[in-house]
Structures are given as C-alpha cells and as structure tokens.
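# Structure at a glance
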Amino acid sequence: MSDADKVLALQEIDLALDQIPHRSGRLDERSAHASVSAGLAAARRVASDAQSVIDASGSRIEQLEAEEHERVTKRARLDQQMKTVISSRAADALTAELRMLDEERSVADDEELELMELVESETAKRDSALADVERLTAETASAAAALADAEGRLAEERDALQARRAAVVAEIPPGMIDRYERMRKDFGGQAISRATGGHCGACHLDLSRAFLDDLHHLPDGEFGECEQCGRLLLP
C-alpha cells in the first residue's frame, strides 16, 4: 500500500471516529431512556400535585370543623339566652343570630362535602401516579443500563479505531501527515478522496479529462488536488 493510500485509509478511520459522537447522540437506547425518564418525571409531578391538593383540602376541612365547633358552642349559648330573654326585640336579635349560624353551617357543610369528594378523587389520582412512579422507576433503571451498555460498545469501537489510527499514522511520513491534518481542518473533516466516474468523490463535481489523465500518471504514492474543491485526490 502506498503512502497516499495509507492517508486515504487514515481518512476513513477519522471519518468513522467523527461519527462516534453523532451516533452516540442518536442511539435508540438514549431516546428510550429520555422517554421513560420524562414519563417518570411527569408521574412524580402528578403525584406531588395531587398530594398538594389533598394536603390543602385536609387543612381546609380541619378549619371548617374548628369553625363548626365554635358555631355549636355559640349556638348553645344563644339557645340558653333564648330561655331567659324577656323582650321581643332581644328575641328577634337572637333568632337572627341563630338563623345566620344555620346559614353558615349549611354553606360550610356544602364546602366540606366538595372538599371530601376532591380528596377522594385526588387520592385516587395520586395512588395511580405512585404506581406509575414505581413502574417507571424500574423501567428507567433498565433503560439506563441499556444505554450504558450501548455507550460502552461505542467506546470500545472508538478505542479500536484510535488504535488502528495510531498504527496507520506510524507508517506515513510526518510531512504528509501534517499536510493531511491541515487540509482536514480546512475542509471540515474530509481532506482526501478518490476520483470516481469522472468526478471528485468529495465534492462530486466533474473533473476535466486533462486533469484525470494527469492524475492517473502521478508517481506511485503521490496525489493531486481536486481542480474543483482543492482536496487531495487519488485516481
């Protein structure tokens, strides 16, 4: 294999290495892990939100029950006063207060009933979400393990490519390596290609017949530069 062919082989290894990060980002296992993780986070939010409603409703129910206790105490006091009242005016005032207590109690009872129904529905929602959390926690752990395994395989592939690269680089003259590295940087990763079917394999533009003839008559181990894009070119 000529030095030029070795540079082309090096290019293939470098292109494969360049693809490793992109392939890592597009792993099916990564998508699966992201999906199940998002589901777990959503289930936790549902459970947390439901618990917040339950707690707030419970606090309000306790407050309503405390207010009802105060009303019962006040009503007992008013009932006792009604037994000793003499004037009709005082009786009317006491009756109005008792009526107001009854109205307050009716409104409070309706609110408490609504809150109890809300607690029941939110408890069911919370319990369902907690069951999802338990299931999705296990699925997330499994997905994380699968992702780690896939990433490990890619790391092994990267290490093998880097070992091959080091071996190829050791067989290429340093000056040729330097030229390749500069052009690889200038051309966004691809510095060298072959002329195939009358066009450059990198930019895919047509090459003149005279250029192709010169390219095929280059000394063994040398390469030309594409007359269209300037990349290193082999016949």
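Residues numbered from 1 in each chain as written. Predicted model: local features only at pLDDT ≥ 70, side-chain atom pairs only at ≥ 80, totals over all residues. Heavy atoms only, no water.

### Examining the overall build of the protein
Each helix and strand in the protein was counted, giving five helices and four strands. The order of helices and strands in the protein, counted from the N terminus, is α-α-α-α-β-β-α-β-β. Whereas a compact globule of 235 residues would reach a radius of gyration of roughly 18 Å, the protein reaches 41 Å, over 25% beyond that. Its C-alpha atoms put the protein at 130 × 35 × 30 Å along the principal axes. Across the 235 residues in the protein, those meeting the buried criterion constitute 31%. (Helix = DSSP H or I, 4+ residues; strand = E, 2+ residues; numbered from the N terminus. Rg over C-alpha atoms; globule rule 2.2 N^0.38 Å. Buried < 20%, exposed > 50% of the residue type's maximum accessible area, 1.4 Å probe, protein only.)

### Some thoughts on the state of the cysteines
Counting across every chain of the model gives zero disulfides. Not part of a disulfide, Cys 203 finds its nearest cysteine sulfur in Cys 200, a span of 3.7 Å. Looking at Cys 226, it has no disulfide partner, and the nearest cysteine sulfur is the one in Cys 229, 3.7 Å off. (Disulfide = S-S within 2.5 Å.)

### Focus: the sheet that holds strand 1 (residues 192-196)
Strand order in this open sheet of four strands is 2-1-4-3, and the pairing throughout is mixed. The open sheet has two free edges, formed respectively by strand 2 (199-200) and strand 3 (224-225), since each of these has just one partner strand. Taken together, the two bridges between strand 3 and strand 4 (residues 232-234) define a ladder with antiparallel strand orientation. Opposite Glu 225, over in strand 4, you have Leu 232 as the bridge partner. Against the sheet, helix 5 (residues 209-216) touches strand 1, strand 3 and strand 4, its axis set at about 75° to strand 4. (Pairing = 2+ DSSP bridges. Contact = heavy atoms within 4.5 Å. Axes fitted to C-alpha atoms, helices over the stretch in contact; angles between N-to-C directions.)

### Looking at the nonpolar core
Val 7, Leu 10, Ile 172, Tyr 180, Ile 192, Phe 223 and Leu 234 are the most contacted members of the largest nonpolar core, which has 23 residues in total. Breaking this core down by element, the ones donating at least two residues are helix 1 (3-25), helix 3 (88-169), helix 4 (174-186) and strand 4. Broken down by element, this core gets its largest block of residues, seven residues, from helix 1. (Core = buried A, V, L, I, M, F, W, Y, C linked by side-chain atoms within 4.5 Å.)

### Section: the packing of helix 1 against helix 4
As a packed pair, helix 1 and helix 4 sit with axes 11 Å apart at the nearest point and diverge in direction by 40°. Relative to helix 4, the element helix 1 lies oblique. The chirality of how helix 1 crosses helix 4 is right-handed. Residues Asp 3, Ala 4, Val 7, Leu 10, Gln 11, Asp 14, Leu 15 and Asp 18 of helix 1 pack against Met 176, Ile 177, Tyr 180 and Arg 184 of helix 4. Classifying every residue of the contact of helix 1 with helix 4 gives seven nonpolar, one polar and four charged. (Parallel < 35°, antiparallel > 145°, perpendicular 65-115°, else oblique. Left-handed = near helix turned anticlockwise from the far one by under 90°. Nonpolar A, V, L, I, M, F, W, Y, C, P; charged D, E, K, R; others polar.)

### Details of a negative patch on the surface
A contiguous patch of negative charge on the surface is contributed by Asp 110, Glu 114, Glu 117 and Glu 120. Secondary-structure assignment places Glu 117 in helix 3. Judged by relative accessible area, which is 48%, Glu 117 ranks as partly exposed. (Patch = residues over 30% accessible without salt bridge, like charges linked within 9 Å, V, L, I, M, F, W, Y side chains within 5 Å. Areas by Shrake-Rupley, 256 points an atom, 1.4 Å probe, with all protein chains shown as cover. Salt bridge = Lys/Arg side-chain N within 4 Å of Asp/Glu carboxyl O. Lys, Arg positive; Asp, Glu negative; His and termini not counted. Charge placed at Lys NZ, Arg CZ, Asp CG, Glu CD.)

### A closer look at the environment of Thr 95
Along the chain, Thr 95 turns up in helix 3. Residue class for Thr 95 comes out partly exposed when judged on its relative accessible area of 31%. Spatially, the C-alpha atom of Thr 95 lies 9.2 Å from that of Asp 79, the residues being 16 residues apart in sequence. Within the local environment of Thr 95, its side chain forms a polar contact with the backbone oxygen of Ala 91, the two atoms lying 2.8 Å apart. (Polar contact = N/O pair within 3.5 Å; in protein donor to acceptor, adjacent residues only side chain to side chain.)

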